[in-house]
Amino acid sequence: MKRWAPFLGLVLIAAVLFSKINITKASVPESWFDTTTQPTIALSQQSAQVNKNTYWGALCRDSTFTAFWISPASEKLTQEVTDCTVSTPYGYMGNYGVKLAGTSTSYAIRTQVGGTITMYPVPESTNALSFASTGGTGLYKFVYLYKNLPANIKSQPDTDGKPLYYSLTQPHNGVANRIKFPDGSTVIVQDQTPTYAQGGRYIFANFGRAQALIDTEASTARMIGQNTNPSSGNPKVTLAVNNDASIGFVADNNTGSYKLYNFNNCTPGSTLGNPEQCEARNLSTTVSSVVTSIRNISQARFITDDKLELFISVNTPTGARTDRYIVTIPGYTQSAFEYLALGDSFASGEGVYGYKASTDSDTNHCHIANESYPYLIKTNLNYTQAESVACSGGKIKDVYRPGNSDYFNDNPQATGKDDPQYSEEIYTGYLPGYRRQFEFVKKYKPAAVTLSIGGNDINFGKKLQYCILTQYSCYESAGQKQNVLNEVKGQYSRLVETYRGLRAASPDTRIYVVGYPNLVFPGGDCALNVRLSGAELLLAEEITEDLNTVIKRAAENTGVFYVDAANTFTGHRLCEDKSWALAVNGLTFGTDAPFFFGPISSATFHPNKLGHQLYNDVILQKTANLTSPMPAPVPTSNVKDMPSRLSPTGDTTGTSVQPILEDGLFGDLVQAGTQAVSLLDVSGYFLEPNSNYQVEIHSTPVVIGTAIATTNQQLSINAVIPAGIEPGPHVVHIFGKNIAGEQIDIYKDVTVVASNADYDGDGILNTDDRCTFVTPSGIDIDKDGVDDACDSLISEAPAPPPPPPPPPP
C-alpha cells in the first residue's frame with residue numbers, strides 16, 4: 001500500500017484559485033522552459049566537498065563553543081563542544097540549543113511549561129520549526145512555525161542567575177503556529193527534506209505524493225511538484241527553490257527524474273491525488289548526457305535565477321565520488337563585472353578628498369574618493385566593469401546581516417531612498433549607503449571583491465579621537481585593554497557570517513579581505529597635529545594587530561583570501577617622517593557631522609592619497625593582481641587561544657565584562673544638562689526583561705541615571721548629562737546583565753558641548769574657532785594661517801623670501 005494513502009482524508013485540497021495563495025509573483029527566466037533551446041551543464045569541481053546540512057535540511061557549519069545542558073541524571077554540565085550549527089539573525093542554533101548573539105554559552109530551548117522539545121531554526125530568519133508525529137509510519141510529520149523566536153523566549157535562571165534553559169513564552173504547536181494548505185488542513189512533510197530560499201521566507205519540502213511550497217510569512221502552503229513515491233519506501237529526493245519561490249527543482253533519485261518547475265504558471269489542483277500542475281522542464285536527459293555513471297544528486301541550490309548548482313555522486317573505478325556541476329539557462333553568459341570594492345572608510349577613501357558628489361551630500365556621507373585604491377586598481381588592471389560601494393563609517397551590518405532584513409530598519413548609512421522604487425537607480429548607479437553592500441555582490445556576481453570591515457564595530461576611530469582630546473590617560477590599565485580585546489574578539493563570529501554570506505551570494509567570486517595598516521610609529525617624533533602620547537601610540541598599534549588577527553582567523557575559517565596590509569605604510573606612518581611625507585592624515589578638519597566647524601572629522605588618522613597608492617601596490621602584489629585562488633577553509637581556525645598584543649599574558653582576572661558599542665544610545669554631540677529619556681531598540685545582543693541597569697558617564701565615573709529592559713530587545717533609559725560637566729570627549733556606559741546573566745557594558749563615545757554655537761565654551765563661536773577642544777600651539781610651520789595643533793596637513797615650510805636688493809650706490 002502506498003505510504004501517502006493514510007493521509008488522503010486529512011489533506012484533501014479544495015479547489016482554490018492560485019490568486020488566493022499569498023505568494024508574490026516574480027519574473028521567471030522563460031528560457032528555462034523554452035523547449036527549442038537547451039540548458040548547459042558543466043563540471044565545476046571534481047571531488048567536491050558537499051556542504052554540511054542538518055537533519056531538517058538546513059546548511060550548517062562546525063562551530064566550537066561553550067554549551068550548558070542538564071543530563072538525564074539531572075546533572076548540570078558545562079562543556080566546550082563542537083557542533084554543526086545554523087547561523088541566524090539572533091545567534092547560532094544546533095543540537096545543544098541556541099547561543100544567542102552577545103552571549104557566551106548555548107542553552108537548550110524548552111516549551112512554555114518546561115517540557116523537552118526540539119526547535120529547528122529557519123536559516124536567515126527569526127522563525128523556527130517544530131515537527132509532530134502524524135501517528136502513521138513516522139516518515140511524515142506535521143509542521144509548526146514558531147514566529148520571531150528571539151522575541152518570544154525567556155530565561156529560566158538557576159540560583160547563580162545563569163539560565164538553566166530558555167523557555168518559549170507561547171505554545172509551540174498552537175493553532176496559530178500551524179502551516180496550512182488551502183483547505184485548512186495542517187501541512188505534512190518529511191522532516192529531513194526541507195530546503196530554504198535565501199532570506200528564509202520560503203521552504204520547499206517533500207511530501208511523497210508531491211511537494212509542499214511553504215510561505216512562512218503567510219503560514220500557508222501549496223501542494224505542488226511531482227510524485228516522488230509511486231511505491232512504498234522512503235523517497236530519496238533532493239530539492240531546491242530560488243529566492244522568490246518562482247522556480248523549483250525536484251530530483252527524484254529513485255527514478256532518476258530531474259525537473260524544473262515554474263511556480264508562477266500552475267493549474268490549481270483539487271485533491272492530494274491531483275496537486276497543482278505547473279509548467280515544467282525535464283532536465284534528466286541534459287544531466288545524464290554529461291554525467292555518466294550517476295548515482296544520485298545529493299545537493300542542489302539556485303545560485304541565481306539562471307544558474308543551478310548540483311552536487312552529483314558518480315561511480316568511478318575506485319569507488320563513489322562527488323562532483324560539483326553548474327546548470328545554466330539557455331543562452332547564459334557569465335557576468336562581465338570584474339571587480340567590486342566593499343567596506344568602510346579605509347576602502348571608500350575618507351581623507352583623500354575629491355569625493356563623488358553623490359557620496360558627499362546632506363543625506364550621504366559615504367565619501368567615495370576618485371583616487372581611493374579601488375579606482376587605482378581599476379586603472380592599473382585596465383578594468384572596464386569595476387566600482388566601489390564602500391562607505392565611510394561602514395560596519396559589519398552595513399555589508400551583511402544574517403536574514404538580510406530590511407536595511408531601512410537597521411540605521412542605514414544614507415537616507416532618502418528607502419523605497420523599492422529607488423533600487424534600480426541605486427544598483428545601476430552604484431550608490432552606496434542605501435542598501436547593504438552584500439546586495440551589490442548578489443546582483444553583479446563580480447569576479448573579484450575586496451573588503452575592509454571591522455574597525456568601526458569596535459569604534460577604533462572614536463577611541464583614538466577620545467585619546468586625542470581627553471586630558472586623561474587612555475585605556476592604559478590591563479583591565480581596560482582586556483575589555484578592548486574582548487570587544488575585538490567579539491567581532492569574530494560576525495566576520496565569519498559576513499564572509500560566508502558573501503560566498504553564498506556569489507560562490508565563484510574571489511574574495512580578498514584586506515587587513516588594516518599600522519597608522520603610527522611608536523617612539524617616533526610626532527607632529528603637533530597627532531596629539532597621542534607614547535603609550536597611546538603603542539595602544540593604536542596593539543589594537544590594529546589584534547583586530548587583524550581576528551580578521552585573518554575569520555578569513556581562514558571560511559576560505560577567503562586574507563591580505564596582510566599591516567606594513568603598508570611603513571616609512572610613512574604618523575611620527576615616522578615629516579608631515580608632508582606621510583601616508584596618513586593627522587588631526588583633520590572636515591564638514592562631516594557632527595563637527596561642521598571643529599577639527600575632528602572622519603578624515604583624522606585616515607590614509608591620504610599617498611596612502612591609497614601604497615594600498616594599491618600592496619593589494620595587487622599580494623593577490624597577484626586579484627587573481628590568487630581562494631584557500632581551502634580551515635574550520636578549526638578560531639580566536640579562543642589567539643596571541644594578543646593588548647593582553648600578552650592572557651590574564652583575564654576581573655575582566656569578564658563584554659563591551660557592546662551601541663550607536664543608538666545618544667547622539668555624537670550631547671549638550672551639558674540634557675535629559676535623555678528614550679526607548680532604545682537593541683540588536684545583536686539580548687537583555688534580561690525587567691532587569692535594571694546603571695547609566696554612567698566617564699572618564700571619572702559619575703552615575704547619571706538608570707535604565708530598565710522592557711523586553712529582551714528594548715531598553716528604557718532615563719538619564720541626565722550633568723550641567724557642570726567639562727565639555728569634550730566622554731563615554732556613556734550602561735552596566736548590567738544580558739539574558740544569560742553575563743555582565744555587559746553598553747557604551748557610546750560622545751562629545752559633550754557647552755552650547756550648539758560654542759562647542760568648547762571658550763567664548764569663541766564655532767564659526768571662528770579653528771581649534772575647537774584643542775589648545776593652540778602658537779606654531780605654524782607652513783605659514784598657512786592655521787595653527788599646527790589644528791592643521792590637517794602641515795606642509796613643508798615655505799622658502800624664505802630672497803633678501804632685498806642692495807641700495808643703489
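The following paragraphs examine the structure supplied in this document. None of the values given here were measured: they were computed from a predicted structure. (Residues numbered from 1 in each chain as written. Predicted model: local features only at pLDDT ≥ 70, side-chain atom pairs only at ≥ 80, totals over all residues. Heavy atoms only, no water.)

**Quick look at the overall build of the protein**
Regarding its fold elements, the protein presents 11 helices and 37 strands. Over its C-alpha trace the protein gives a radius of gyration of 29 Å, about what one expects of a compact globule, namely 28 Å for 809 residues. Once the C-alpha set of the protein is aligned to its principal axes, its extents read approximately 120 × 65 × 50 Å. Among the 809 residues that make up the protein, the fraction classed as buried is 56%. For the protein, the proportion of contacts with a sequence separation of at least 24, taken over those separated by at least 6, is 64%. Of the accessible surface of the protein, which amounts to about 32700 Å², a share of 50% is contributed by carbon and sulfur atoms. (Helix = DSSP H or I, 4+ residues; strand = E, 2+ residues; numbered from the N terminus. Rg over C-alpha atoms; globule rule 2.2 N^0.38 Å. Buried < 20%, exposed > 50% of the residue type's maximum accessible area, 1.4 Å probe, protein only. Contact = heavy atoms within 4.5 Å. Areas by Shrake-Rupley, 256 points an atom, 1.4 Å probe, with all protein chains shown as cover.)

**A word on the state of the cysteines**
The final tally for this structure, using the stated rule, is five disulfides. Each sulfur in the disulfide pair Cys-366 and Cys-391 lies 2.0 Å from the other. Its S-S torsion of about -80° marks the bond between Cys-366 and Cys-391 as left-handed, since a negative value means left-handed. In this pair, Cys-366 is assigned in the loop between helix 2 (345-348) and helix 3 (373-380) and Cys-391 in the loop between strand 26 (386-388) and helix 4 (396-399), connecting sequence segments 25 residues apart. Each member of the pair, Cys-366 together with Cys-391, is buried. The disulfide partner of Cys-526 is Cys-575, and the S-S distance across this bridge is 2.0 Å. Its torsion about the S-S bond being 100°, the disulfide of Cys-526 and Cys-575 is classed as right-handed. Linking Cys-526 in the loop between strand 28 (510-514) and helix 10 (534-558) with Cys-575 in the loop between strand 29 (561-563) and helix 11 (609-622), this pair joins segments that are 49 residues apart in sequence. (Disulfide = S-S within 2.5 Å.)

**A look at the sheet that holds strand 10 (residues 141-146)**
With respect to topology, four strands assemble into an open sheet ordered 8-9-10-13, the strand pairing being antiparallel. Pairing within the sheet leaves two strands with one partner each, and these edge strands are strand 8 (120-121) and strand 13 (188-189). Pairing analysis gives two bridges linking strand 8 to strand 9 (residues 128-133), with the strands arranged antiparallel. Looking at strand 9, one finds that Tyr-120 is bridged to Leu-129. (Pairing = 2+ DSSP bridges.)

**Let's talk about the environment of Ala-251**
With respect to the element layout, Ala-251 can be found in strand 19 (residues 247-252). Residue Ala-251 is classed as buried on the basis of its relative accessible area, which comes to 0%. Spatially, the C-alpha atoms of Ala-251 and Asp-419 are 38 Å apart, while their sequence positions differ by 168 residues. When near neighbours in sequence (up to four residues on either side) are disregarded, Ala-251 contacts Lys-236, Val-237, Thr-238, Ser-257, Tyr-258 and Ile-297.

Structural measurements only, silent on function.
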